[in-house]
Amino acid sequence: MTEPADDGMPTETGKPAEDKKPGENRKPTEPGLYVYAVVPSTLSPDVLGTGINDAPLKLIAVAEGLAAVVHHHDAAPFDGADADVERWILEHGGVVERSWEAAGTVLPMSFNVIVAAGDGSTAEQRLAGWLGESAAELTERLKALQGRVELRIEISLDQHAAAEDSCEAADLREEMVQRPPGVQRLLQKRLDKTEREIAERLADGLYPEYRRRLAALSEDLTENRRAHRPPGTVSVLTVAVLAHRDDVEKIGLELTSIGEEQPAAQIRFLGPWPPYSFADVPELGAG
Amino acid sequence: MGEAMQPTRDVRATLPDLVDVLLNKGVYLDLDLIITVADIPLIGVNLKATIAGMETMLEYGMMKNWDERTRAWLRDSVSRQVPLRGGEEVIAKMAGGHYWQDPDGSFETWRPGSIYLTTHRIIAFRRDPEEILWQANLYDIAQVVLQTESSIGGEKRSRLLVEKHDGGTALLSAAQPNRLRDLVLKAQSGTVEIEASAGGPSTRGQAERGGKGDDPDTLLFEGDVWYQEQRSGSPIWRGGTAKYDSDEGFSWKAALDRRPAIRLKATEMTAVRAENGHTPVGNSSILILESETGTYRLASDRVEQWAQLLHGVSQQKREDDDDAESQ
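Calculation criteria
- Residues numbered from 1 in each chain as written.
- Chains lettered and ligands numbered in written order.
- Predicted model: local features only at pLDDT ≥ 70, side-chain atom pairs only at ≥ 80, totals over all residues.
- Heavy atoms only, no water.
- Helix = DSSP H or I, 4+ residues; strand = E, 2+ residues; numbered from the N terminus.
- Buried < 20%, exposed > 50% of the residue type's maximum accessible area, 1.4 Å probe, protein only.
- Contact = heavy atoms within 4.5 Å.
- Areas by Shrake-Rupley, 256 points an atom, 1.4 Å probe, with all protein chains shown as cover.
- Pairing = 2+ DSSP bridges.
- Arc of directions from axis to C-beta.
- Polar contact = N/O pair within 3.5 Å; in protein donor to acceptor, adjacent residues only side chain to side chain.
- Core = buried A, V, L, I, M, F, W, Y, C linked by side-chain atoms within 4.5 Å.
- Salt bridge = Lys/Arg side-chain N within 4 Å of Asp/Glu carboxyl O.
- Axes fitted to C-alpha atoms, helices over the stretch in contact; angles between N-to-C directions.
- pLDDT = per-residue confidence, 0-100.
- Phe/Tyr/Trp six-rings, centres within 6.5 Å; stacked < 30°, edge-to-face > 60°.
- Parallel < 35°, antiparallel > 145°, perpendicular 65-115°, else oblique.
- Nonpolar A, V, L, I, M, F, W, Y, C, P; charged D, E, K, R; others polar.
- Expected span 1.5 Å × (residues − 1).

S.K.: Just checking my understanding: could you explain the overall build of chain A for this structure?
M.R.: Across its full length, chain A holds seven helices and nine strands. The 287 residues of chain A split such that 49% are buried. Of the contacts made within chain A by residues no fewer than 6 positions apart, 75% connect residues no fewer than 24 positions apart. A total accessible area of about 13400 Å² is found for chain A, and carbon and sulfur atoms account for 51% of it.

Structure (structure tokens):
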């Protein structure tokens, strides 16, 4: 990280000078607050347990009925080896999860969001100020998420199974047996490509129907770009859905039907989770 | 039917997904509150970005004094949204839009999105549905002129008129038009110094998005179309792109979806009509497509054209099929 200039003045390319109030001194060591989630202020702090690296947790509550789950954070943001980051993320997730289970609703923050002191206010004052100003939007979102869960669904096709009935693939397989090893390797590649194309076409045909069936049981649904798809499979759809807790069973039944109808289908079904993918409050976004 | 499938919460099975979601999702926190050291926001360095983190950094504009790790992180975050070229870095980003005119002058509109100024280009980019609305290389730009115009409410607004060496022009809106113009000048004159860095940014985006690619010979009609998706609560309108291809038929896809959510061959459309109703485009016409798999409700500022085209092709196909059968 670049050292701050000695005189504390912004450099030519830094923040415009007029924004900087004279005498203002932002030290990196001023206490900050690491934020886990926004919850209704009725949540009892006793259920929270401890945070990342066993940090003691507290609630910053405002009169509008909202609170933020935080720990005091004086150091720089968490930064370390992947294994540590993974553990911290799980600990962050644990706090969100416990808040969610106790309050029935939660707006999770992503990992490593830290509120700093500044403009003559403490971090606590600034966070409380933000909660107060945004109370209407945050409360509405918390209400909308009450009793809702996030589920993750990945449906993919095993490409061998998908191409089982294809004449083209069958011909290639048959031809391979009678050929010398070098040619076999080439044919294997062609077979692989053919199977994948067949599976892709099948997936294109299945996607609209699967999406429609799952959307009809969900209040919201968002596509995940990163699929954890094993080799030899083609992804049909990878979504996070927001559903009422009572509808989890119906979605499970729909997935059972899909599995029974389509022998090449492989289904991953995760959850129920706090509504991580549906916590964003677009009304609060910068213009 | 068998037992309902049960979702799993087993950490061994869900860890990658959980890490992914906690690094990328969550409620948006006011940018000004986030911790900074010497005006450099200190969030998520070496970690995958939250959108909030990225925008904080961009809001501060210049990256001259940022260290390589911070810039690499920023590049990575930006290139998840906007496809950057090798060695290209973002200088600033702000809300804005591009004034779009139909080539024949029959239709014009402001298309909102974000304006990115990079070391190479100005880009007007819309996130959802994902599209580069307009872009120009900095070296193609002759000048950027501030124009003041009155908005409907009578309030004065500055717009940026971009004039290119080839005579082409574009009109942009931006949250801070003066600042953007100054930054363009600086970027063009090379006052923005960003050291060359090892390893270009990842440029996922266009190649991945394009998929199979459209065949210009068979793609007959294409445009921004909203599709009303049925949910367990109330239905929602989703933005996306509709296409009619003479071989593939009609399809509709949202930018971030993996595959088209509607695919209908001309012969599968049993009815095509327009109906009155409320739509996100504000006009009152909804395009209804019926098939054996369901009824689809679509909105666009060109419902009439879509209805005529689809009605025509579905009729034609059926007549052709009838002829074929009777022979």
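S.K.: Is there a simple way to explain the overall build of chain B in this structure?
M.R.: When you go through chain B residue by residue, the secondary structure sums to six helices and 16 strands. As displayed, chain B offers around 15700 Å² of accessible surface, 47% of which is attributable to carbon and sulfur atoms.

S.K.: What am I meant to see in the pairing of strand 4 (residues 108–118) of chain B here?
M.R.: Strand residues, when the strand is regular, have side chains that alternate between the two faces of the sheet. Residues and elements named next belong to chain B. Sheet topology places strand 3 (residues 90–101) next to strand 4; eleven bridges connect them, and they run antiparallel. In the strand pairing of strand 4, W100 is matched with T109. The antiparallel pairing of strand 3 with strand 4 creates a hairpin that spans six residues between the two strands, and G105 there sits at a positive phi of about 80°. In terms of strand pairing, strand 4 meets strand 5 (residues 121–126) through four bridges, oriented antiparallel. Within the sheet, the bridge partner assigned to I115 lies in strand 5 and is A124. Connecting strand 4 to the next strand, strand 5, in antiparallel fashion are two residues.

S.K.: Any chance you could explain helix 5 (residues 167–177) of chain A here in plain terms?
M.R.: Residue and element names in this part refer to chain A. Of all the positions in helix 5, only A169, L172 and M176 are classed as buried. Projected down its long axis, helix 5 carries its buried residues within an arc of 60°, all on one side. For helix 5, exposure combined with an orientation more than 90 degrees from the buried face picks out C167, D171, E174 and V177. Next to the buried residues of helix 5 lie helix 6 (181–215). Capping the start of helix 5, S166 holds a side-chain oxygen 3.2 Å from the backbone nitrogen of E168, two or three residues further along.

S.K.: Got a minute to help me understand the nonpolar core in this structure?
M.R.: In a soluble, globular protein the nonpolar side chains are often hidden away together inside. Residues I155(A), I251(A), F250(B), L289(B) and L310(B) are the most contacted members of the largest nonpolar core, which totals 81 residues. Those residues in contact with L310(B), other than ones at most four positions away along the chain, are Y244(B), F250(B), M269(B), V272(B), L287(B) and L289(B). By size, the runner-up hydrophobic cluster in this structure holds 25 residues, among which are L33(A), V35(A), L107(A) and A123(A).

S.K.: Help me understand the pattern of salt bridges in this model?
M.R.: Where charged atoms from two side chains of opposite charge approach closely, those side chains can pair. For the structure shown, the criterion picks out 35 salt bridges over all chains. Note that E261(A) and R213(A) form a salt bridge whose closest N and O atoms lie 2.9 Å from each other. With a gap of 48 residues between them, E261(A) in helix 7 (residues 248–261) and R213(A) in helix 6 connect regions that are remote in the sequence. With its nearest N and O atoms 3.1 Å apart, the salt bridge here joins D247(A) to K250(A). Relative accessible area serves as the criterion here: at 15%, D247(A) is assigned to the buried category. For K250(A), a relative accessible area of 44% gives the class partly exposed. One continuous salt-bridge network, built from bridges that share partners, spans R211(A), D220(A), E223(A), E229(B), R231(B), R238(B) and D257(B).

S.K.: Explain the sheet that holds strand 9 (residues 265–273) of chain A to me, please; I cannot follow it from the model alone.
M.R.: Strands pair in a sheet through their backbones, by hydrogen bonds, and they do so in one of two ways: parallel or antiparallel. Residue and element names in this part refer to chain A. Taking strand neighbours across the sheet as the criterion, the four strands line up as 7-8-6-9 in an open arrangement whose pairing is antiparallel. Edge positions in the sheet fall to strand 7 (220–223) and strand 9, since each has one partner strand and no second. Ignoring strand direction, the axes of neighbouring strands in this sheet form an average angle of 20°. Across four bridges, strand 7 lies against strand 8 (residues 233–244) in antiparallel orientation. Counted as the bridge partner of L221 is V241 from strand 8.

S.K.: Got a minute to help me understand the confidence of the model for chain A in this structure?
M.R.: Note: predicted coordinates in regions of low pLDDT should not be interpreted at a detailed level. Residues and elements named next belong to chain A. In this model, chain A carries a mean pLDDT of 85, and residues with pLDDT of at least 70 account for 86%. Between the elements of chain A, mean pLDDT differs from a low of 82, seen in strand 5 (residues 114–115), to a high of 97, seen in helix 7. Across residues 1–28, where pLDDT falls below 50, the model places 31 contacts with residues more than four positions away in sequence or in other chains.

S.K.: What is the right way to read the packing of aromatic side chains from this model?
M.R.: All names here are of chain A. Per the stated rule, a full pass over the model turns up nine aromatic pairs over all chains. Note on W273 and Y276: the rings are 6.1 Å apart at their centroids and 80° apart in plane angle, and the pair reads as edge-to-face. With respect to burial, W273 and Y276 carry one shared label: buried. Put simply, the rings of Y34, Y36 and F111 pair up and form one aromatic cluster.

S.K.: Looking at this structure, I do not really get the side chain of E195(A). What am I missing?
M.R.: Considering the arrangement of structural elements, one finds E195(A) in helix 6. Apart from residues no more than four positions distant in its own chain, E195(A) is found in contact with Q159(A), H160(A), A163(A) and R173(A).

S.K.: Where do I start with the packing of helix 2 (residues 123–133) of chain A against helix 3 (residues 135–145) of chain A in this structure?
M.R.: Two quantities define a packed helix pair, namely the angle between the helix axes and the distance between the axes. Residues and elements named next belong to chain A. Contact pair helix 2 / helix 3: the axes reach a minimum separation of 5 Å and the direction vectors enclose 70°. As summarised for this structure, helix 2 and helix 3 are arranged roughly perpendicular, according to the angle between their axes. Contacts from W130, L131, G132 and E133 in helix 2 reach A135, E137 and L138 in helix 3. Class assignment of the residues belonging to the contact of helix 2 with helix 3 gives a composition of four nonpolar, one polar and two charged.

S.K.: How should the sheet that holds strand 10 (residues 219–229) of chain B be read in this particular structure?
M.R.: All names here are of chain B. Reading across from one edge, 13-12-11-10-16-15-14 is the order of the seven strands in this open sheet, with antiparallel pairing throughout. In this open sheet, the two edge strands, each paired with only one partner strand, are strand 13 (262–264) and strand 14 (269–276). The mean inter-strand angle of the sheet, taken between neighbouring strand axes irrespective of direction, is 30°. Two strands pair when backbone bridges link them, and strand 10 and strand 16 (residues 294–299) are joined in this way by two bridges, in the antiparallel orientation. In the sheet register, Y227 faces strand 16, and the bridge partner there is L298.

S.K.: Explain helix 4 (residues 177–189) of chain B here, please?
M.R.: Along an α-helix, a turn takes 3.6 residues, which lines up residues three or four apart on a common side. Residues and elements named next belong to chain B. Between its terminal C-alpha atoms helix 4 stretches 18 Å, which fits the 18 Å expected from 13 residues at 1.5 Å a residue. Within helix 4 the residues assigned to the buried category are P177, L180, L183, V184 and A187. Each buried residue of helix 4 sits inside an arc of 125° when the element is viewed along its axis, so together they form one side.

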